[in-house]
Structure formats: C-alpha cells, structure tokens
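These are the residues of each chain, in order.
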Amino acid sequence: MATSIPLLKIVVAGDGNVGKTSLIRQYCEGRFEQSRVATIGVDFQTKTIEIKGHTIKLSIWDMAGQIHFQSVRTGLYRGSRTAALVHDVTNPDSLAHLQSWYDEITVVVPQQRFLVVGNKIDLMPNYDSSEAKRFAASIKAPYLATSASSGHGVQKMFLGMAYLALKK
Ligand code: GDP
Ligand code: MG
C-alpha cells in the first residue's frame, strides 16, 4: 500500500544574483554553473530526504528577486514552513535588503521560521559575518555561510530548513 510522503514547502528568497537558484541546483542536482539565466517569476524543485528516520518531500520554491514580480511572490509564500533569506557576502546591499524580504514574507506567513544564509563565501573566505549575524539574531534565525560553487554549507542549509519546518 502506498503511503503518502509528507510535503514541506520551503522558500528561498533574497535579491537577484545572490545565488538562490545556484544553491537549489547544487542541493538538488549536485552541480554548479558559472553563468545562469535569471529566474523569471518563480520556479520550484522537489527533493525527497530522510530526516530523523522519516521520509519527507521538500518542495523548494525559488523566488525571483526582480521587484516587479512582487505581486507574484506574495501569493506563493502561502503554505510555506521555512524561508531562507539569502545574501551575497560580497554585496552589502543584498544584506541590507533582507529586512524587506523578511517583512514581505511575514505579512503573508506571520509565524514563518527563517534561516539567514550568506552565500558566495568562496569569494570572500574571511568575510566578517558579525552584521549578518546581528540581523539573524534580530529575527531569531540561525545564520549559515554557504557556497553554491564549492557546495560548502549547502546540505546544512536545506536540512536546517527541513528541521525548522518540522519543529513544533
Ligand atoms: P539568483 O538570481 O539569486 O537565483 O542567483 P543565481 O543562482 O542565478 O546566481 C547568480 C550568479 O552568481 C551566477 O553567475 C552564479 O554562477 C553565481 N554564484 C551563485 N552562487 C555562487 C557561489 O556560491 N560562489 C560563486 N563564486 N558564484 C556564485
Ligand atoms: Mg534565480
């Protein structure tokens, strides 16, 4: 008899070019591309994982950063259990903008759990994460550095999101 696998919807948000699509690609397909076409609107992939002895299916939504798609994004946050707020460690503006990403998501999902992610750490291994960690603490979220290019932190990011999604 087929048992249905619980589905957890998670979203990956942040400015355009921070590496959202690359992180998802690295996690789901284990590969990285140097040049990528910008995501139009929204895209999603699923991955079935084992966590604490349970099988769950993650549906991972990839939000386009372009501001003119905000109306599209808003509806798509509905039903999500965790959101990653991704910034590019080489681009301070992308960190400054995470507050507005947070605000946009919490309007739709007031109880959302968040994970703050500093991506492209391969480009700046000595990145001083204190400001990013302060922001993460201000929204009661864990902070994690990743590289979609090397794969550093990528498993941890998505497993962390799954744990947060499952937390009662
Ligand atoms: P998105 O707009 O947030 O989805 O960003 P993309 O995934 O399309 O990535 C934007 C650009 O940054 C692409 O040229 C990627 O190859 C590059 N990129 C993404 N993640 C990393 C990373 O961790 N390290 C490096 N060096 N480049 C990255
Ligand atoms: Mg993209």
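Residues numbered from 1 in each chain as written. Chains lettered and ligands numbered in written order. Predicted model: local features only at pLDDT ≥ 70, side-chain atom pairs only at ≥ 80, totals over all residues. Heavy atoms only, no water.

### What about the overall build of the protein chain?
Here's step 1: Counting its secondary structure elements, the protein chain contains 6 helices and 6 strands.
Here's step 2: For the protein chain, the α and β elements follow one another from N to C terminus as β-α-β-β-α-β-α-α-β-α-β-α.
Here's step 3: Counting every position in the protein chain, which comprises 168 residues, the buried fraction comes to 50%.
Here's step 4: Here the analysis covers contacts within the protein chain between residues at least 6 apart in sequence; of these, 71% occur between residues at least 24 apart.
Here's step 5: Per element, the accessible surface of the protein chain, about 8,800 Å² overall, is 54% carbon and sulfur. (Helix = DSSP H or I, 4+ residues; strand = E, 2+ residues; numbered from the N terminus. Buried < 20%, exposed > 50% of the residue type's maximum accessible area, 1.4 Å probe, protein only. Contact = heavy atoms within 4.5 Å. Areas by Shrake-Rupley, 256 points an atom, 1.4 Å probe, with all protein chains shown as cover.)

### Digging into the nonpolar core
Here's step 1: Counting 26 residues, the largest nonpolar core has Leu-23, Tyr-27, Leu-58, Ile-60, Val-86, Met-157 and Phe-158 as the members making the most contacts within it.
Here's step 2: When residues of this core are traced back to their parent elements, those giving at least two are strand E1 (7–13), helix H1 (20–29), strand E2 (42–51), strand E3 (54–63), strand E4 (82–88), strand E5 (113–119) and helix H6 (154–166).
Here's step 3: Per-element tally for this core: the top contributor is H6, with 7 residues.
Here's step 4: Among all residues touching Phe-158, those that are not within four sequence positions of it are Ile-10, Val-12, Leu-23, Ile-24, Tyr-27, Leu-58 and Ile-60. (Core = buried A, V, L, I, M, F, W, Y, C linked by side-chain atoms within 4.5 Å.)

### With respect to the packing of H1 against H6
Here's step 1: One way to put it is that H1 packs onto H6 with a least axis distance of 9 Å and a crossing angle of 90 degrees. On the basis of their axis angle, the class for H1 and H6 is roughly perpendicular. Contacts between H1 and H6 involve Leu-23, Ile-24, Gln-26 and Tyr-27 from the former and Val-154, Gln-155, Met-157 and Phe-158 from the latter.
Here's step 2: A breakdown of the residues in the contact of H1 with H6 according to their chemical character gives 6 nonpolar, 2 polar and no charged. (Axes fitted to C-alpha atoms, helices over the stretch in contact; angles between N-to-C directions. Parallel < 35°, antiparallel > 145°, perpendicular 65-115°, else oblique. Nonpolar A, V, L, I, M, F, W, Y, C, P; charged D, E, K, R; others polar.)

### Structural notes on the pairing of E5
Here's step 1: With 6 of 7 residues buried, E5 is to be regarded as a mostly interior element.
Here's step 2: Bridge analysis of E4 against E5 gives 7 bridges, and the strand direction is parallel. Each residue of the ladder has a partner; that of Asp-88, found in E5, is Asn-119.
Here's step 3: Of the strand pairs in this sheet, E5 and strand E6 (residues 143–145) are connected by 3 bridges, and their pairing is parallel. Bridging across to E6, Val-117 finds its partner in Leu-144. (Pairing = 2+ DSSP bridges.)

### Remarks on H1
Here's step 1: Most of H1 sits inside the fold, with 9 of its 10 residues counted as buried.
Here's step 2: All buried positions along H1 are accounted for by Lys-20, Thr-21, Ser-22, Leu-23, Ile-24, Arg-25, Gln-26, Tyr-27 and Cys-28.
Here's step 3: One or two positions beyond H1, positive phi appears at Gly-30, with a value near 65 degrees.

### A closer look at the environment of Ala-162
Here's step 1: Along the chain, the position of Ala-162 falls in helix H6.
Here's step 2: Residue classification places Ala-162 among the buried positions, given a relative accessible area of 0%.
Here's step 3: Between the C-alpha atoms of Ala-162 and Thr-82, which are 80 residues apart in sequence, the distance is 7.6 Å.
Here's step 4: Dropping the residues within four chain positions of it, Ala-162 is found in contact with Leu-8, Ile-49, Ile-51, Ile-56 and Leu-58.

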